Amino acid sequence: MNGTSDGGLAVPMAWLYAEYIADELLRTGRLIPVSTLEFRAGRDTLALTIYLSDAAGELSGIRVVSQLDEWLSLTAYGHPWRDWVHTRFLALGEEARERGRAEEPDLELARAAWRWLDRTELFATNLDPGRHGHADTPPGLDENARVWTPAWQLGLPLGHLAMHLF
């Protein structure tokens with residue numbers, strides 16, 4: 001779903017469309033203020049899920065609703081989302097090499113989003129009570145117990161809940 005501008009440069013349409021869908025889902029859910037890093041974490045996590053699950057490269061507006069179940073499954077608690085992301089990046093990179101082309105701008109933008117999600121930690125409520133924070137808090141969901149969490153781990157439940165609210 002890549003287009004070209006008048007200058008012949010590839011325009012990253014698939015990534016931008018996935019990002020737009022993710023943004024709309026999160027805005028509709030009104031879970032978190034748009035201007036926060038947490039919103040960005042949710043949007044980028046959801047956009048990666050949308051972009052990487054579109055194996056045919058033909059995501060269209062009419063398919064969005066039919067894809068919600070798949071995206072819900074991919075973002076569900078306990079799904080190995082991080083491993084799935086790595087597997088999809090490897091597959092898409094291999095496909096580009098097989099075609100004898102450099103990576104598409106879409107894939108480069110998706111990789112940049114992943115680097116931010118994986119390397120950025122946000123101070124947030126401990127959503128995994130089995131994982132102790134720095135203060136070694138006892139298990140159980142305590143909304144006051146905050147830990148440094150990779151952005152994608154915070155973005156997954158935000159994106160998942162936003163899709164349920166849609």
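For the structure, see preceding data.
In this text the structure is predicted, and so the values were computed from the model without any measurement.

Draft legend 1. Broad picture of the overall build of the protein. Counting its regular elements, the protein contains six helices and four strands. A burial count over the protein gives 41% of its 166 residues as buried. Look at the contacts in the protein between residues 6 or more apart in sequence, and 64% of them connect residues 24 or more apart. Here the protein displays about 9300 Å² of accessible surface, and carbon together with sulfur accounts for 55% of that area.

Draft legend 2. Examining the nonpolar core more closely. In terms of nonpolar packing, the biggest core is built from 39 residues, with Leu48, Tyr51, Leu52, Trp81, Phe89, Trp114 and Leu117 touching the most fellow members. Elements represented by at least two residues in this core include exactly helix 1 (13-29), helix 2 (37-53), helix 3 (61-75), helix 4 (81-98), helix 5 (105-119), strand 3 (121-125) and helix 6 (151-165). Ranked by residue count, the leading element in this core is helix 2, at eight residues. Among residues more than four places away in sequence, those in contact with Phe89 are Leu48, Leu52, Leu107, Ala110, Arg111 and Trp114.

Draft legend 3. Local environment of the environment of Ala113. Mapped onto the secondary structure, Ala113 falls in helix 5. With near-sequence residues (within four places) excluded, Ala113 lies in contact with Trp15 and Asp44.

Draft legend 4. Just the pattern of salt bridges, in detail. Counted under the stated rule, the structure contains six salt bridges. A salt bridge links Glu19 to Arg43; its shortest N-O distance comes to 3.9 Å. Within this pair, whereas Glu19 is found in helix 1, its partner Arg43 is found in helix 2, the two being separated by 24 residues in sequence. Asp118 is the partner of Arg82 in a salt bridge, and the nearest nitrogen-oxygen pair spans 3.0 Å. Placement of the pair is Arg82 in helix 4 and Asp118 in helix 5, with a sequence separation of 36 residues.

The rules behind these values
- Residues numbered from 1 in each chain as written.
- Predicted model: local features only at pLDDT ≥ 70, side-chain atom pairs only at ≥ 80, totals over all residues.
- Heavy atoms only, no water.
- Helix = DSSP H or I, 4+ residues; strand = E, 2+ residues; numbered from the N terminus.
- Buried < 20%, exposed > 50% of the residue type's maximum accessible area, 1.4 Å probe, protein only.
- Contact = heavy atoms within 4.5 Å.
- Areas by Shrake-Rupley, 256 points an atom, 1.4 Å probe, with all protein chains shown as cover.
- Core = buried A, V, L, I, M, F, W, Y, C linked by side-chain atoms within 4.5 Å.
- Salt bridge = Lys/Arg side-chain N within 4 Å of Asp/Glu carboxyl O.

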